[in-house]
Amino acid sequence: MTLALRDVGKEYGRLRVLDGIDLTVAPGEFVCIVGASGSGKSTLLSLIAGLAPATRGTVTLDGEPVTGPGPERGLVFQSGALFPFLTVAENVAFGLRLLPLPRADRAARVEWYLREVGLLPLAGALPKELSGGQRQRVAIARALACEPSVLLLDEPFGALDVQTKEDMQLFLRQVWLDTGTTVLMVTHDVEEAVLLAQRVIVLGCDPGRVAAEVPVTLPAERPLEIKRTAGFHALRSTVEDLVRANMSTR
Amino acid sequence: MTGGRGHGGGHGRGLLPGRVQFAAHLAGALTPARPPAAAATGAGREGWAPLPRRAVRARPSGRGLPGRAKWALRAASLLVPLAAWLVIGGAQLVEETFLPSPAAVWAAFTEMLADGRLVSDTLASLGRVGAGFGLAVLISVPLGFVMGMSAAGQALFEPGVGLLRYMPASAFIPLLIIWLGLGEASKVAILVIGVVFFNTLMTADVVRKVPGELRQAAATLGATSGEIVRKVVWPHALPGILDAMRVNAAAAWNLVVVAELVAAESGLGYRIVRAQRFLQTDTIFAVLVVIGLIGLCIDVLLRVLRDRVGRWSA
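Residues numbered from 1 in each chain as written. Chains lettered and ligands numbered in written order. Predicted model: local features only at pLDDT ≥ 70, side-chain atom pairs only at ≥ 80, totals over all residues. Heavy atoms only, no water.

**Focus: the layout of surface pockets**
Residue and element names in this part refer to chain B.
At step 1: If you add up the space inside the largest pocket, you get close to 330 Å³.
At step 2: As for the largest pocket, its lining consists of S77, L78, P81, L82, W85, V289, G292, L293 and L296.
At step 3: Elements that contribute at least two residues to the lining of the largest pocket include exactly helix 4 (67-90) and helix 13 (281-309).
At step 4: The leading source of residues in the lining of the largest pocket is helix 4, at five residues.
At step 5: Residue composition of the lining of the largest pocket, grouped by class: seven nonpolar, two polar and no charged. (1 Å grid on protein atoms, 1.4 Å probe; cavity = no way out; pocket = protein on both sides within 12 Å on 5 of 7 lines; lining within 4 Å. Points joined across faces, edges and corners; volume = space filled by probe spheres on them. Helix = DSSP H or I, 4+ residues; strand = E, 2+ residues; numbered from the N terminus. Nonpolar A, V, L, I, M, F, W, Y, C, P; charged D, E, K, R; others polar.)

Written out as structure tokens, the structure is:
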């Protein structure tokens, strides 16, 4: 279940977006990638998801090279990208329906993930009837139902209001603890990264590259109040300074 | 970061580095009493006259209409022309041959209904629309999918379809009679020509509007290209395809009557030509009303279907 990037680069014509990225995510880890605008953090995630090919280097999952998108690397978009014509339960079942799975087995799995994300009562609702936070819960459940080796999240809470965002952060951390899924999340929110991750990768700009890596030395138990502790402040300041120091000069 | 330069430049403050000046700007915004920042930003502001306000304003939301008023207006839109017709016809202002009275039209209608001509003509016209429009949809929807989904398909078909669309289908009637004769084939062909190009381009547009993110999401969930088309693009595009069909069904219904005017042995258009030969304007009026009502029914049916299929869209 190890995700490994070796000397990965991405160019669009002459524009070099990513260069020489080396990154390893161990099984069960929770890693956040932060960086200023233009650091290519979303591009990096789409390379790992297999939605775009790297122009240099290799991306491997358990030694297997990534050649395209697949359910073993579930991706959650900022918008959620729910299928608007399917109900909540049908969205969660989307990946399972593509597999030869007995109906009862599929139904049981869908129910388990809907309960895990707290949306069982809304199983029959359409996406247009959901709030922003609920939509992201469905998107996460939909990706998790395929039992990915690594769950990729691209600024999943970027469009939410502050209170909903905090709820979702606690929720995601709980899901990670419950399922043991490896999580790799891109965010521009340093506080979020420090609160959730075991390790924060800071990307620098022009071209995007790994500028620093900060282990998050906080206890595993992380209620929201931990944000008010000195240890949290120190870590957050460290990462924020690193992001600023590696901002685009253009 | 040089946001303040525009104000200060003419007064020697351009010497300040932009960043410092911006900070001063911010500080001013945060302080209720405005001395330092006001001086920094507003050299000319004191001399400005108060900004005039316009008295007339738009109502962006418009005004709601009570249900009864809405129904009254709807009734008026039909009843007022009908009343005018009754008055003009009843007063004999226009000769009966040119403008038959409502009573005469009703009589012509019931006569055609009684002897079965109306039913057989309607069925003949509907049958042609069913065949021609159906065939056009069967061709245009897959073609529209190819154009909407692949750049190669777009490049290959867009120029030809775009050009053919501007050739009026009715202008093909003489040619099609030469090619296919006076039978059903030429009428069905007219309908296909009249509908297929528009419906193809409209379908392609709808397919192109399916968000790329949804296709990507499906791919990350393990869907193959074929599954993405069937399980994502198709259901997402279906309401839009039905919208396009609704617009083009109206065109098909118009076109079948045109085709029957030129050459036919049956159908509502044929009935109009026959009536013209004997100056039966009452029959022409009756058939026109029937054509309009059937068109309206087709439209309502497709709209109901579209609303059911498209319940998921906001």
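**Points about the sheet that holds strand 9 (residues 199-204) of chain A**
Picture the strands of a sheet paired through backbone hydrogen bonds; they go either parallel or antiparallel.
Residues and elements named next belong to chain A.
At step 1: One open sheet holds the six strands; their spatial order is 6-7-8-3-9-10, and the pairing between them is mixed. Of all strands in the sheet, those with a lone pairing partner are strand 6 (73-76) and strand 10 (209-215), marking the two edges. On average, each strand axis in the sheet is tilted by 20° relative to the strand beside it, whichever way the strands run.
At step 2: Of the strand pairs in this sheet, strand 9 and strand 10 are connected by six bridges, and their pairing is antiparallel. (Pairing = 2+ DSSP bridges. Axes fitted to C-alpha atoms, helices over the stretch in contact; angles between N-to-C directions.)

**Thoughts on the side chain of R173(A)**
Residue and element names in this part refer to chain A.
At step 1: Among the structural elements, R173 can be located in helix 5 (residues 162-179).
At step 2: Within the structure, the side chain of R173 is placed 2.7 Å from the backbone oxygen of L196, a separation counted as a polar contact.
At step 3: Beyond its immediate chain neighbours, meaning those up to four positions away, R173 contacts L195, L196, P219, A220 and R222. (Polar contact = N/O pair within 3.5 Å; in protein donor to acceptor, adjacent residues only side chain to side chain. Contact = heavy atoms within 4.5 Å.)

**Comments concerning the UniProt feature "domain: ABC transporter" (unreviewed entry) in chain A**
At step 1: The UniProt record annotates "domain: ABC transporter" (unreviewed entry) at residues 3-230 of chain A.
At step 2: Taken as a whole, residues 3-230 of chain A contains 32% helix and 27% strand, while its terminal C-alpha atoms sit 33 Å from one another. (UniProt positions renumbered as here; feature names shortened; annotations may be inferred.)

**A look at the packing of aromatic side chains**
All names here are of chain A.
At step 1: Tallied over the full model, the rule gives eight aromatic pairs over all chains.
At step 2: Seen in terms of ring centroids, F30 and W176 are 5.5 Å apart; in terms of plane orientation they differ by 80°. Their pairing is edge-to-face. Linking F30 in strand 3 (residues 30-35) with W176 in helix 5, this pair joins segments that are 146 residues apart in sequence. The same class applies to F30 and to W176, which are both buried.
At step 3: A centroid spacing of 5.0 Å and a plane angle of 80° characterise the contact between W112 and Y113, whose relative ring orientation is edge-to-face. (Phe/Tyr/Trp six-rings, centres within 6.5 Å; stacked < 30°, edge-to-face > 60°. Buried < 20%, exposed > 50% of the residue type's maximum accessible area, 1.4 Å probe, protein only.)

**Considering unusual backbone geometry**
Residue and element names in this part refer to chain A.
At step 1: The peptide bond linking D206 to P207 adopts the cis configuration, its omega dihedral lying at -10°.
At step 2: Structurally, P207 can be placed in the loop between strand 9 and strand 10.
At step 3: Phi at E155 takes a positive value of approximately 45°, unusual for a residue other than glycine.
At step 4: As for its position among the elements, E155 is in the loop between strand 7 (150-154) and helix 5.
At step 5: In this structure E155 comes out as buried when scored by relative accessible area, which is 11%.

**Things to note about the packing of helix 9 (residues 184-208) of chain B against helix 11 (residues 225-262) of chain B**
All names here are of chain B.
At step 1: With their axes 9 Å apart at the nearest point, helix 9 and helix 11 run at an angle of 155° to one another. Considering the angle they form, helix 9 stands roughly antiparallel to helix 11. Between helix 9 and helix 11 lies a crossing of right-handed hand. Every residue of helix 11 that contacts helix 9 at K187, I190, L191, G194, V195, F198, N199, M202, T203, V206 and V207 is listed here: V233, A237, G240, I241, A244, M245, V247, N248, A252, L255, V256 and A259.
At step 2: In terms of residue class, the contact of helix 9 with helix 11 is made up of 17 nonpolar, five polar and one charged. (Parallel < 35°, antiparallel > 145°, perpendicular 65-115°, else oblique. Left-handed = near helix turned anticlockwise from the far one by under 90°.)

**What to know about the interface of chain A and chain B**
Quite often, the size of an interface is put as the accessible area lost when its parts meet.
At step 1: On the side of chain B, 19 residues touch chain A, which itself brings 22 residues to the contact.
At step 2: In this assembly, chain A packs against chain B so that about 1800 Å² is buried in total across both faces, 74% of it on carbon and sulfur atoms.
At step 3: Counting across the chain A and chain B interface gives zero salt bridges.
At step 4: The interface formed by chain A and chain B contains two residue pairs in polar contact (both at pLDDT 80 or more).
At step 5: Put simply, the parts of the chain that give the side of chain A that touches chain B at least two residues each are strand 6, helix 2 (88-97) and helix 4 (132-144) of chain A.
At step 6: Examining the composition of the side of chain A that touches chain B, we find that three residues originate from one element, helix 2 of chain A, more than from any other.
At step 7: Split by residue class, the side of chain A that touches chain B holds 15 nonpolar, three polar and four charged. (Buried area = accessible area lost by both parts, 1.4 Å probe. Salt bridge = Lys/Arg side-chain N within 4 Å of Asp/Glu carboxyl O.)

**A look at the nonpolar core**
At step 1: The biggest cluster of nonpolar side chains holds 96 residues, and the ones touching the most others in it are L5(A), F83(A), F94(A) and L184(A).
At step 2: Among the elements that line this core, the one with the most residues is helix 11 of chain B, at 14 residues.
At step 3: Counting residues in hydrophobic clusters, the runner-up holds 54 residues, among them L82(A), L114(A), L130(A) and L196(A). (Core = buried A, V, L, I, M, F, W, Y, C linked by side-chain atoms within 4.5 Å.)

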